[in-house]
Each structure stands twice: as structure tokens, then as C-alpha cells.
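# Descriptive analysis of the structure
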Amino acid sequence: MMQTIDLRSRRLSRSELLDAIPRPVVDVSVASEAARALISEVRSGGSNALLAQAERLDKVRPAHVRVPETDIDGALASLDSDLRAALESAIDRVRRGTAAQVPPQRTVDIAPGATIVQRWQPVDRVGLYVPGGKAPLASSVIMNAVPAQVAGVSSIALASPPQREHDGGVHPTILAAAGLLGITEVYAMGGAGAIGALAYGVPDIDLRPVDVVTGPGNIYVAAAKRLVRGQVGIDSEAGTTEILVIADGTAKASLIAADLVSQAEHDEAAASVLVTDSPALARDVALELEGLVERTENGERVRAALSGPQSAIVLVDDVVLAADFSNAYGPEHLEIHTHDPRATLQHITSAGAIFLGPHSPVSLGDYMAGSNHVLPTGGQARFSSGLGAYTFLRPQQVIEYHETALREVSERIVTLAQAERLPAHGEAISARFTD
């Protein structure tokens, strides 16, 4: 079912490792033109364009683009009690896990009478995107909204695709999760058009532009986020899910297979990768997968994902080389199933989120670990991070010098300004000491 990539007895350079990495055939850039057109329609046509896109792409026309607050209240009132308790527990855990991401204000004394204050200011308004296609991700409401709230964002708008099964409304569990978090500005709109609406605003429904857009989505959502970057900030191009597992001969094949399947059920383009120095474990995992795929509810989708070019079992000579491969890959989710996971962790530099040992599966992080599941995909973990409170914070330096402190460095400033042929810079300093 899964292809095997054998890298044993080979010493690969970084570029060769990158070439060996299994990736999906479709790239985000392929969807850019389609996403650009959808955004342009919304900018020129407003809510009418959003409704037309819903009919064309979601096969349903919402009664309202802006969800009435009564619908949110109704979804919350009818929420199953066990599901409500689970959502409330997840909210509490993510809120506690996110609190550590808000840096304290610090003051640095450069010299007597010379200080710099490092402060962190939240953006004013954010737009949160929550997928609702193959899986209505109520958990993504929590993962997007809680960090914004912890950061101190005062205005939050949420967008999620309209659902045919719910008469063009947003999925009720997503609405209920929004209600639990006190979010009342919710829009039934999806895909690239929704990203454009959040970024540029839609005046005829009083949707004001946001400062930052976050949240996972399909390839068109990822492409749209790339296109609006600069108009707004984004978290990352969080595309189709990925899991990479580093395992040695001590790992339990059934657990690894279960975790690979758990992420493969998201989407036919989901990536599941096992990197191991144990051929025996590789064989056992392959056997376990055959049985699991037959039994799991989303088996057809899982088989397509595991059989795709983005999924593989990779054989290497040792765990250190497995870590090298993982660092080149930059996985969204990295699980470490080795004799000493913490020792293996010392070799890891690039991953969206890292799960250590057999009792820390990715599914835990998806819902209840207290960590965030909105993470960089497609190798972006090599240079970017997952969503957190810091996504919505801007570091600012506040500089305050007294007269004596400025006088102390004035001649040096003038010297530097003259060397750069910017004499007015120096004159702005000298003017403060001229009677």
C-alpha cells in the first residue's frame, strides 16, 4: 500500500535529502489563479459574490452570509452534554497551554537615563477560518480563537463553509464552539472567497477587514492566504495534514499504524510517513495498515492517502539519520517512538509539534493536549511555527533617553551620520544641544 524509500548505506547531502522527500504532486501555487479569481469576485461583488460562490462550490445557498446570533444560541442550547463537556475541557487546556506564549513586558537599562521597553501589543481584529468539508472541525474553533483571546485581541470574526446538510448554515457544532467562546460574529462562507472577504472586508454586510487571518484549509485556502499576505498577516499556509513518525525496533507497530491512519483519514492528499532503522518494524507496520484500512470508517479515503506519492515508509541506517531526514522534511506533526525519545529529540530542529513516546499520539494534540493543532505544512516548519498567542502579538520597542544620556552618545551619532552621508541625522541630534 505505502511505497518504500530505502536510504540505507547512503550518505545524502541536505539537497539530496530534500529530493528524496515524498510530497504531494499538487502544489499550492497551482491553485493560485483560481483563488485570485474568487477573491476578485468578492472584492467587486460583495455578499452577492459570496452567495454565488456558495451555490457553485458548496452546492447550497445560505439564507444569510452573517449567521444570526439566535442560530449560535440555538446550536449551543442543543449541544450534546458530553460533547459540550469535551469542548469546555479542550478550551480550558488550550487556554492554559497558550498562557505561556505571552511574553512579559521587559525594561532594559542601556545606560543611566537610557531605557528600552520591550512590549507586546495585540492586533485589533482577526479573522479565523474553520474548515467544514470532509470534517467539521469544531476543535479548530478552539485552536484559532483561544490564542487570539489570550493575546488580548478585541474583535474576532469567524468564517466556515455553509453546509448542505444544515440548509446552508454553518455546522451547528462549529457554531456551538463559537458560542462557548463568546464569538458572535460568524459568517457562512468558505474557501478562497472567505479569505478574501476577511482580508478586504465586505461593506454591504458590515464585515470589516481584519488584521490577521488564521486557520487551516484546503489548497485553495492556502493559496488565498498566500495571495492576501501583505494586506493582512497570516499564521502560515496550513494545508493538508502531515504526520512523520521516527521509530526504532522497540516501537509497537500497531500504535504507529493507528497514528498513520488517524491523519490519513483527513484527506486523500494527507501525508503519512514512517522513518525507521528497523526493517522488521517496517514490515509489521505495513501489515497492520492493511487490516486497519479495511476496518476504519473512512477506509477509502485512508487508502488513497497512504497509496499516494506523499506517503511512504523510509528505511535509514540509524535514528540520527532518521532525525536528519525529518529535519529536511519539516513535518507538521512529528512522533518519536524510540528507546529514548528525549535523546532522539536532541537531534530534532524542525517540526510544527513534537509528540514523545507511545502515549503522546497526534490525536491527543488535535483535541486535548493543550497544544495547538494549527501548524505549518509542506515543509514550512523549517522556517515557521504553529499558531499561538504570538501570532496575534506585535513586539514593539519603546525608547526613552534623558538629556544627559543623549548627550553622551551625540558625537558618535554625528560621526556615523557623516560616514553614511546623512548629515541631517546628525544635525537632528546637535540641534538639541545648541542654545
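Residues numbered from 1 in each chain as written. Predicted model: local features only at pLDDT ≥ 70, side-chain atom pairs only at ≥ 80, totals over all residues. Heavy atoms only, no water.

## Structural notes on the overall build of the protein
Stated precisely, the cut-off is as follows: Each helix is a run of H or I in the DSSP string that is no shorter than four residues. Each strand is a run of E no shorter than two, and both are numbered from the N terminus. Each residue is assigned to one of three classes by its accessible area relative to the maximum for its type, calculated with a 1.4 Å probe on protein chains only: buried under 20%, partly exposed between the two thresholds, exposed over 50%. Residue burial considers only the protein chains on display, and all accessible areas are found by Shrake-Rupley using a 1.4 Å probe. Here Asp and Glu are counted as negative and Lys and Arg as positive; His is not counted, and neither are the chain ends. Every charge is mapped to an atom, namely NZ of Lys, CZ of Arg, CG of Asp or CD of Glu.
Per the secondary structure count, the protein includes 16 helices and 14 strands. With respect to the three principal axes, the spread of C-alpha positions in the protein is 90 × 60 × 40 Å. Taking all 435 residues of the protein together, the buried fraction comes to 49%. Of the roughly 20300 Å² of accessible surface on the protein, 49% is carried by carbon and sulfur atoms. The distance from the centre of the 36 positive side-chain charges to the centre of the 52 negative ones in the protein is 3 Å.

## So, the domain arrangement of the protein
Keep this limit in mind: A domain assignment, automatic or from a database, supplies the domain bounds used here.
Domain annotation for the protein reports domain 1 (3-26 + 240-366), domain 2 (28-237) and domain 3 (402-431). Placing the centre of domain 1 and that of domain 3 at their C-alpha centroids yields a distance of 57 Å.

## Thoughts on the sheet that holds strand β3 (residues 114-122)
Where we set the bar: Strands pair, by our definition, only if DSSP identifies at least two bridges between them. For helices, the fitted axis covers only the stretch in contact; all axes are lines through C-alpha atoms, and the angles between them, taken along N-to-C directions, range from 0 to 180 degrees.
Strand order in the open sheet formed by three strands is β2-β3-β14, and the pairing between neighbours is antiparallel. The strands lining the two open edges of the sheet, one partner per strand, are β2 (106-111) and β14 (393-401). Across the sheet, the axes of successive neighbouring strands diverge by a mean angle of 25°, strand direction being ignored. Pairing of β2 with β3, which is carried by five bridges, proceeds in the antiparallel orientation. The residue of β3 that forms the bridge with A111 is A114.

## A look at the nonpolar core
To keep things clear, this is the line we draw: Within this scheme, the nonpolar core is defined by two criteria: the residues are buried Ala, Val, Leu, Ile, Met, Phe, Trp, Tyr or Cys, and they are joined through side-chain atoms within 4.5 Å. Here, two residues are considered to be in contact whenever any of their heavy atoms come within 4.5 Å of each other.
Ranked by size, the top nonpolar core spans 41 residues in total, and within it V126, I142, L158, L181, I183, V186 and F392 carry the most contacts. Mapped by element, the contributors of at least two residues to this core are α3 (69-77), α4 (81-99), β4 (125-129), α5 (138-151), β5 (155-160), α6 (172-180) and β6 (186-188). Sort the elements by how many residues they give to this core and α5 lands first, with eight residues. When residues no more than four places from it in sequence are discounted, the contact partners of I142 are L87, A90, I91, V94, P147 and L181. Of all hydrophobic cores here, the second largest spans 33 residues; its members include A35, V42, L51 and V228.

## Observations concerning unusual backbone geometry
We note that D167 has phi near 55°; this positive angle belongs to a residue other than glycine. When you line up the elements, D167 lands in the loop between β5 and α6. In this model, R421 sits at a positive phi of 60°, which is unusual for a non-glycine residue. Structurally, the position occupied by R421 is in the loop between α15 (403-419) and α16 (423-430). The class for R421 is exposed, based on a relative accessible area of 76%.

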